[in-house]
Structure formats: structure tokens, C-alpha cells
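Report on the structure
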Amino acid sequence: MTHLYVHVPFCVGKCPYCAFYSVNVSGGAVRGYLRNIFSEVDSYLPLGAVETLYLGGGSPSCIGEDNLKKLVEGLVERVGRAGEFTVEVNPHQVSEGMLDMLRGAGVNRLSVGGQSFRDAELELLGRPYRAGRIGAVVQMARRAGFDNIGVDLIFALPGSTLADWRCSLEKVVELGVEHVSAYSLSYELGTRFYHDLTDGKIDAVDEELDRQMYELTIDTLAAGGLKQYEISNFARCGKECRHNLNCWAGGEYLGVGPTAGSFWRGHSMMNGLMAENGGWEKVESEEVPGRDYACRVAVLNLRRRGGVDREEFWGRTGYKLEDLFGEAIKQNTARGLLEVDEVGVRLTREALGVADGVLADFA
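Sequence positions are assigned chain by chain, starting from 1 and proceeding in written order. Local features in a predicted model are, by the rule used here, given only for residues with pLDDT of at least 70; side-chain atom pairs are given and counted only at 80 or more, and totals for whole chains, interfaces and linings are based on all residues. Excluding hydrogens and water, the side-chain values take into account all heavy atoms of the structure.

Topic: the environment of leucine 197
By the criteria applied, helices consist of DSSP H or I runs no shorter than four residues and strands consist of E runs no shorter than two, each listed in order from the N terminus. With respect to the secondary-structure elements, leucine 197 resides in helix H7 (residues 192–198). For the pair leucine 197 and tyrosine 187, spaced 10 residues apart in sequence, the C-alpha separation works out to 8.0 Å. Residue contacts are counted whenever heavy atoms from the two residues lie within 4.5 Å of one another. Setting aside residues no more than four positions away along its own chain, leucine 197 makes contact with Tyr187, Ile202, Asp203 and Ala204.

Set out below in C-alpha cells:
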């Protein structure tokens, strides 16, 4: 089974917390992008059965309904309808017609980039809509026939409080969506937020409040029927994102588009930036040898709340978990950051907020 990721690196306007391309959708950038996406997919054909297809970015919806229709239908024409077909959308760019088109073309999972249910925070994030728009989009998606809808949220925004974050969590639970992704704001080099932080124009939320917000996320979403299945992801039973589950299992996936990464046929690959003509090059392809692959699998598995299953790990990598990571497991267990049983090894609740430090011991 193939898992295909298509990177759509466009947004309308300049997000303060990301660095995607701002685009005039009536210009030639999108036309060149579509032409080159199809050419790259064609270079990999035949792929066989495609289990998951994921269009992310950026914001695929910003290229407009007509261009998005061409992209979705062109992909389906080449690889068929995937068992799970996800498209990310920005609430500001969605219409009834777009959602009807997506559902009719075989898209069966929608990821809504809501980010916050507080109007002041949406303004800070450069989002030109109010919080009520997120709920309106979810209702439109229901009418279009979507029964698998996720909402992305960001916490620890400059100036935000625990009460602000509780409001967003309670609102997303009220919507009854099937999936929530919740990420702490990171200050990426080259973004407006990064420069504002270094220039002293904004202050980052302190570590203690960030941790409190994360703990509140786990408890509030669990009470609302959304179980944590990965460090930042929560879902109702059976609605976990299959595309991402494959990635966290250490499985292969093929990424196409500018800056898209792949793990494909034993190689880690990365595409370059998009040029003015909408093209890009594959700038890096590196074989991942056995022990490196085992480390990769261990780190990704530990992101899952189920952790590393010994039998699964041995079957996938050919290594026994304790043979490679016995000391790391022993030390982190003693620190209360890992729990070990007859099935495998997983992060404790206390470790979730400092997971990067634990994962580094398995890298």
C-alpha cells in the first residue's frame, strides 16, 4: 500500500508564524505548480493501491476552487481514490461549492485550520475571519457529507491565558469533530513572530503556562471523547489519521511538491524550494541503513501514546529494542519518563511535555 503526501505550499497573505508562499491565484505560479505536481507523480507511476492521500501545506484551499478541483481530479485520475483522502482547508477560503466538489471527487477527510476560537488571537495570527466561522465551516462540511472532520489549534500564543485556551478547547469539543491537533506555537526562523520575539515586540508564553495549557488539552479533550493517540493529536475511536499513523509507525510514504519530504524504498528524500516557474528539484536522497532506520522507527513510535511495541519493532527493523536502547530505556524509566511492560515501552504522562529530550536519547 502506498501513502502519498502532496505539499501545497501556498497561502494568501503572509502568516506571522509560518513562511509559505503568498500567491496571486490568478497568476502563473499555481498553473506551473499543478503542471509540475502531475509530472512528479507520473514519474513514480505505477504506485499500486494508494491507502492514504494527504493534501497539506500551506493551505490547499487558497489556490481557489477551480485549481483545487484540477489538483484533486488530476491526482485521482493518476492514482485512484484513496481509502483515506484528506485535504487541509482554511476557514476563510471555504465555500459550500468547494466542499461539495471535494466530497464528490473522493475526499473523505477534512482538516480545518481553525487555530483559535478567540477573535483577538485570530487577528494576531493574521486570520481574516471570526471564531464563529470555524463552526460554520464544520456545519457546511457535514451538509456536504463529511463524517471525518479535524480541527487544528495552536496554544501558547503571545499574550494568551489559560482561560483563553480553555475557551478554544471547549468550543472545539462542542462542535463534535472527530479529530483535533493541538500544537504549541513555535517561533520559526524567518517568520514575523520570530523577528518580533527577537526584537522584543512580543513575549513568548513561559514554560510553566505552556505546560499547563498542554495538560489542560489532554484532560479537556479526553472528557469530550477525544483520546490522545500521539503527542499532539486526539481522535474519537476509529478516527485517527491513518496517513500520520503510518508515518509514526516508521512506514514508507511518498511526498511530492516543493519542500516535501519522503521516506521511500529505504531512502530519505527531500525536494527543493519552488522556483518562479512553479518547478522544483529533488535536492537530497540518502539511503537509511539498518541501525539508522531502527533509530528512526523508535523515535517515531515513541510519539504514539502506545509507544514502541517490541514485536512490531523487531518485525519492522530486525533489531530487538533493548539490544539497541537498553541504557536509554533504563535511565528514562528511572527518571519517571518511560514506562515498560510486557508489550513495549512508552512515554509516561509526565514525559509528554518534555518529549523531545527523551526522543533524543533514541535518535
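Some words on unusual backbone geometry
Looking along the chain, the bond that leaves leucine 45 and enters proline 46 is cis, with omega of 0 degrees. For proline 46, the position within the fold is in the loop between helix H1 (28–44) and strand E4 (50–57). Cis peptide bonds are those with omega within 30 degrees of zero, and the linkage from glycine 57 to glycine 58 qualifies with 20 degrees. In this structure, glycine 58 sits in the loop between E4 and helix H2 (65–79). Located in the positive-phi region is glutamine 115, a residue other than glycine, with phi close to 75 degrees. The topology assignment puts glutamine 115 in strand E6 (residues 109–115). For alanine 156, which is not glycine, the phi torsion reads 65 degrees and is therefore positive. Here alanine 156 shows up in the loop between strand E7 (149–155) and helix H6 (162–175). Judged by its relative accessible area of 4%, alanine 156 is buried. Under the scheme applied here, a residue whose accessible area is under 20% of the maximum for its type counts as buried, over 50% as exposed, and between as partly exposed, the area being computed with a 1.4 Å probe on protein chains only.

With respect to the layout of surface pockets
Empty space within the second largest pocket amounts to approximately 520 Å³. Cavity and pocket criteria rest on a 1 Å grid covering protein atoms alone: a 1.4 Å probe that fits but cannot get out defines a cavity, protein on both sides within 12 Å along at least 5 of 7 lines defines an open pocket, and an atom within 4 Å of a point defines a lining residue. Lining the second largest pocket are 17 residues, and of these Ser184, Asp210, Leu352, Gly353 and Val354 sit closest to its centre. At the level of elements, strand E8 (179–184), helix H8 (207–223) and helix H13 (355–360) are the ones that each hand at least two residues to the lining of the second largest pocket. Here the lining of the second largest pocket gets five residues from one element, more than from any other, and that element is H8. Residues are grouped as follows: nonpolar covers Ala, Val, Leu, Ile, Met, Phe, Trp, Tyr, Cys and Pro; charged covers Asp, Glu, Lys and Arg; every other residue, Gly included, is treated as polar. Its residues assigned to classes, the lining of the second largest pocket shows eight nonpolar, three polar and six charged. Grid points are joined across faces, edges and corners, and a volume is the space filled by probe spheres set on the points.

Some words on helix H11 (residues 310–317)
Between the side-chain oxygen at the start of H11 and the backbone nitrogen of glutamate 311 there is a gap of 3.0 Å, and the oxygen is on aspartate 309. Positive phi shows up at glycine 318, right after H11, with a value of about 85 degrees. Any N or O atom pair separated by 3.5 Å or less is treated as a polar contact, with the protein-specific requirement of one donor-capable and one acceptor-capable atom, and with residues adjacent in sequence counted only for side-chain atom pairs.

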